[in-house]
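Single-letter residue listing:
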Amino acid sequence: MNSDISRILISNDLIKERIKQLAEQITKDFLGQELVIVCILKGAFIFAADLCREINLPVNLEFMSISSYGNATVSSGVVRIIKDLNESIEGKNVLIVEDIIDTGLTVSYLASLLSQRAPKSLKICSLCNKPQCHKTLVKIDYCGFELPSEFVVGYGLDFRDFYRNLPYIGVLKAEIYTRYLDSNG
Ligand code: PRP
């Protein structure tokens, strides 16, 4: 285990197993239809890559980059579009794929933005959810895991852009970010 991690919350085996279940449900729900997966960069890239390979449907992949945190550990509520979709989603089944829903502000903003583009359907899939941290009402259609309100990293989730490559989801040692906050205000 990485020495900056205090404990593993979700092992790689458990993540893989849960992704198979989510993909099975998604395949069932959209049977006979096409699906556009909108992967929200950067965090969701690993989850989306694993999830789409387990979905047995004709899938288009789109990428959108939205920044809500910058280098901070708490959401500012400010959502900035860095990269928009390449294709129109009008009349299509769209699945927003996120790594984590914390305050819910990012995904709520995204869902309202994409719904204005007249998709046939719009659903949200997130690997992790922190229900205790929501600041807005969010309907998550497919959720992998509910997490406590601790700062977690790994499997796409970062702290200062590090730790995304860890194969599991773990709790970052408090000293790592307090040390960073002390030296950066
Ligand atoms: C993270 C995560 C979600 C968002 C969730 O993205 O990937 O998009 O924060 O937080 P919220 O529910 O409080 O809005 P971040 O802006 O950190 O960018 P990243 O995906 O590049 O790490």
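To keep things clear, this report deals only with the structure shown in the data block.

**Details of the sheet that holds strand 1 (residues 5-10)**
Point 1. The antiparallel open sheet is built from three strands, whose spatial order is 1-9-8. Each edge of the sheet is formed by a strand with only one pairing partner; in this case those strands are strand 1 and strand 8 (152-153).
Point 2. The pairing of strand 1 with strand 9 (residues 169-172) spans four bridges and is antiparallel. By the bridge assignment, R7 is partnered in strand 9 with V171.

**Examining the site of the ligand**
Point 1. Lining the immediate environment of the ligand, one finds 19 residues, of which E98, D99, T103, G104 and T106 sit closest.
Point 2. At a separation of 3.0 Å, an oxygen atom of the ligand approaches a polar backbone atom of K42.
Point 3. One of the side-chain nitrogen or oxygen atoms of D158 is found 3.0 Å away from an oxygen atom of the ligand.
Point 4. Its residues assigned to classes, the shell around the ligand comprises six nonpolar, seven polar and six charged.

**Brief notes about the nonpolar core**
Point 1. The biggest cluster of nonpolar side chains holds 31 residues, and the ones touching the most others in it are I26, F47, L51, V97, L127 and I169.
Point 2. Going through the elements one at a time, helix 1 (12-29), strand 2 (35-41), helix 2 (45-54), strand 5 (93-101), strand 6 (121-129), strand 7 (142-146) and strand 9 are the ones with two or more residues in this core.
Point 3. Counting residues per element, this core draws most heavily on helix 1, which supplies five residues.
Point 4. Core analysis: the second largest hydrophobic core is formed by 20 residues, I96, V107, L114 and C143 among them.

**Quick look at the environment of L14**
Point 1. Along the polypeptide, L14 turns up in helix 1.
Point 2. Placed 52 residues apart in sequence, L14 and I66 show a C-alpha to C-alpha distance of 28 Å.

**Thoughts on the sheet that holds strand 6**
Each strand in a sheet pairs with another by means of backbone hydrogen bonds, the pair being arranged parallel or else antiparallel.
Point 1. The mixed open sheet is built from six strands, whose spatial order is 4-3-2-5-6-7. One side of each edge strand has no neighbouring strand; the edge strands of this open sheet are strand 4 (80-83) and strand 7. Pairwise comparison of adjacent strand axes, ignoring direction, gives a mean angle of 25 degrees for this sheet.
Point 2. Two strands pair when backbone bridges link them, and strand 2 and strand 5 are joined in this way by four bridges, in the parallel orientation. What sits directly across from V36, in strand 5, is V94.
Point 3. The sheet strands contacting helix 1 are strand 2, strand 5, strand 6 and strand 7, and the helix crosses strand 7 at an angle near 160 degrees.
Point 4. Of the strands in this sheet, strand 2, strand 3 (59-67), strand 4, strand 5 and strand 6 are in contact with helix 3 (residues 105-115), which crosses strand 5 at around 170 degrees.

**Looking at the packing of helix 1 against helix 2**
Point 1. One can describe the packing of helix 1 onto helix 2 by two numbers: an axis separation of 8 Å at closest approach and a directional angle of 55 degrees. The angle between helix 1 and helix 2 places the two elements in the oblique class. Between helix 1 and helix 2 lies a crossing whose hand is right-handed. Between helix 1 and helix 2, the contacting residues are I19, K20, L22, A23, I26 and T27 on the first element and F47, D50, L51 and E54 on the second.
Point 2. Among the residues forming the contact of helix 1 with helix 2, the class breakdown is six nonpolar, one polar and three charged.

Analysis parameters
- All residue numbers here refer to positions counted from 1 along the written sequence of the relevant chain.
- Totals for whole chains, interfaces and linings use all residues, but because this is a predicted model, local features are given only for residues with pLDDT of at least 70 and pairs of side-chain atoms are given and counted only at 80 or more.
- Excluded from the side-chain calculations are hydrogens and water; all other atoms, namely the structure's heavy atoms, are used.
- A pair of strands is considered paired only if DSSP assigns at least 2 bridges between the two.
- Under the DSSP-based scheme used, a helix requires at least four consecutive residues in state H or I and a strand at least two consecutive residues in state E, with every element numbered from the N terminus.
- Here a residue counts as near a molecule or strand whenever at least one of its heavy atoms sits within 4 Å of it.
- In protein, a polar contact requires one atom able to donate a hydrogen and another able to accept it; more generally it is a pair of N or O atoms within 3.5 Å, and residues adjacent in sequence count only if both atoms are side-chain atoms.
- Ten residue types, Ala, Val, Leu, Ile, Met, Phe, Trp, Tyr, Cys and Pro, are classed as nonpolar, four, Asp, Glu, Lys and Arg, as charged, and the remainder, Gly among them, as polar.
- Side-chain atoms within 4.5 Å are what join buried Ala, Val, Leu, Ile, Met, Phe, Trp, Tyr and Cys residues into a set we call a nonpolar core.
- Burial status follows relative accessibility: with a 1.4 Å probe on protein chains alone, a residue under 20% of its type maximum counts as buried, one over 50% as exposed, and anything between as partly exposed.
- The axes used here are C-alpha line fits, helices contributing only the stretch in contact, and every angle between their N-to-C directions lies in the interval 0 to 180 degrees.
- In this analysis, two residues are considered to be in contact whenever any of their non-hydrogen atoms come within 4.5 Å of each other.
- Roughly parallel means an angle under 35 degrees; roughly antiparallel, over 145; roughly perpendicular, 65 to 115; everything else is oblique.
- Left-handed is the label given to a crossing in which the near helix is rotated counterclockwise from the far helix by less than a right angle, and right-handed is the label when the rotation is clockwise.

That's the geometry; what it means functionally is another story.
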